[in-house]
Amino acid sequence: MIIENTAAAFDIDLGAVSPSDVADITVSGLTDRMKFSAGKDNGDGSWKLAAEDLDGLTLTATDPGPTVLQVQISVRDAKVSTSTTSSFDVSVKVLNVAEAPGLSVRLGGGALEEAETPLTIQLSDLTATEMVAITIDGVGNDDELTAGTLNPDGSYTLDLEDLVGLAIIPHSSADLDLTIVANVTDTTTDTMASVSDTVHVAVIPDMLT
């Protein structure tokens, strides 16, 4: 297993070779988001490597997921013009690194005091191994959200399910500036990323109270 965007050692053992042996190695099955630290990219998902490329060879992938690489090794003896060929498969699983998701925040018009005003928060680009927690800060002491957990510091923590039908209820006429932070954690690599946005809430006083 290798981690996304991280160079990982890729060991190919040629075994016992004589000084007159010339080795040609071809690795195929690479995606267009994979590359070796040495050798030549053939442009068709395969790389050509020589014996000298194997020392410290690394593989880097920028997309998570599993794949199977095919390694073919041809060793030719330059003195006697004989050659041997062997091949094997290498299973590669690229683990995801948490990345900041796309975040969109919209308020459904002016917020009327003592009334529910829709607060739409949308996230994108989450993978199956990523978990997200949303924090909203700036809600006044006299105001409330219709979902989430109220923390001792006055902020709210929400899960993705809490975003469905979310609304803010201002109980005073003071305007608000909300800060929304989405914290993403990848469960396979224990990596974290975050993104934030702000929204101004202009509260319309309830003239009947």
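Above this text is the structure in question.
One structure accompanies this document, and this report is about it. For clarity, every value in this text was computed on a predicted model and none was experimentally measured.

The rules behind the values
Residues numbered from 1 in each chain as written. Predicted model: local features only at pLDDT ≥ 70, side-chain atom pairs only at ≥ 80, totals over all residues. Heavy atoms only, no water. Salt bridge = Lys/Arg side-chain N within 4 Å of Asp/Glu carboxyl O. Helix = DSSP H or I, 4+ residues; strand = E, 2+ residues; numbered from the N terminus. Buried < 20%, exposed > 50% of the residue type's maximum accessible area, 1.4 Å probe, protein only. Pairing = 2+ DSSP bridges. Phe/Tyr/Trp six-rings, centres within 6.5 Å; stacked < 30°, edge-to-face > 60°.

**Some thoughts on the pattern of salt bridges**
Consideration 1: Overall, the coordinates contain two salt bridges when judged by the stated rule.
Consideration 2: A salt bridge links K48 to D24; its shortest N-O distance comes to 3.7 Å. Residue K48 is found in strand 6 (residues 46–50), and its partner D24 is found in strand 3 (residues 21–28); the two are separated by 24 residues along the sequence.
Consideration 3: Taking the relative accessible area as the measure of exposure, K48 reaches 38% and is therefore partly exposed.
Consideration 4: Close ionic contact of R33 with D63 constitutes a salt bridge, the shortest N to O distance being 3.6 Å. Within this pair, whereas R33 is found in the loop between strand 3 and strand 4 (34–36), its partner D63 is found in the loop between strand 7 (58–61) and strand 8 (65–77), the two being separated by 30 residues in sequence.

**With respect to the pairing of strand 3**
Consideration 1: Sheet topology places strand 3 next to strand 8; eight bridges connect them, and they run antiparallel. In the sheet register, V22 faces strand 8, and the bridge partner there is R76.
Consideration 2: Taken together, the five bridges between strand 3 and strand 6 define a ladder with antiparallel strand orientation. What sits directly across from D24, in strand 6, is A50.

**What to know about the packing of aromatic side chains**
Consideration 1: A complete count under the given rule lists two aromatic pairs for this structure.
Consideration 2: Considering the side-chain rings of F10 and F36, the 5.1 Å spacing of their centres and the 70 degrees angle between planes classify their relative orientation as edge-to-face. One end of the pair, F10, is in the loop between strand 2 (8–9) and strand 3; the other, F36, is in strand 4, and 26 residues separate them in sequence.
Consideration 3: Arranged with centres 5.8 Å apart and planes meeting at 80 degrees, the rings of F36 and W47 form a pair that is edge-to-face. Here F36 is found in strand 4, whereas its partner W47 is found in strand 6, with 11 residues between them in sequence.
Consideration 4: For F36, a relative accessible area of 5% corresponds to the buried category.
Consideration 5: Relative accessible area serves as the criterion here: at 9%, W47 is assigned to the buried category.

**Points about the sheet that holds strand 13 (residues 130–137)**
Consideration 1: Strand order in this open sheet of five strands is 15-16-13-18-19, and the pairing throughout is antiparallel. This sheet does not close on itself; its edge strands, each paired only once, are strand 15 (149–150) and strand 19 (192–201).
Consideration 2: Bridge analysis of strand 15 against strand 16 (residues 156–158) gives two bridges, and the strand direction is antiparallel. Within strand 16, the position partnered with T149 by the bridge is T157.

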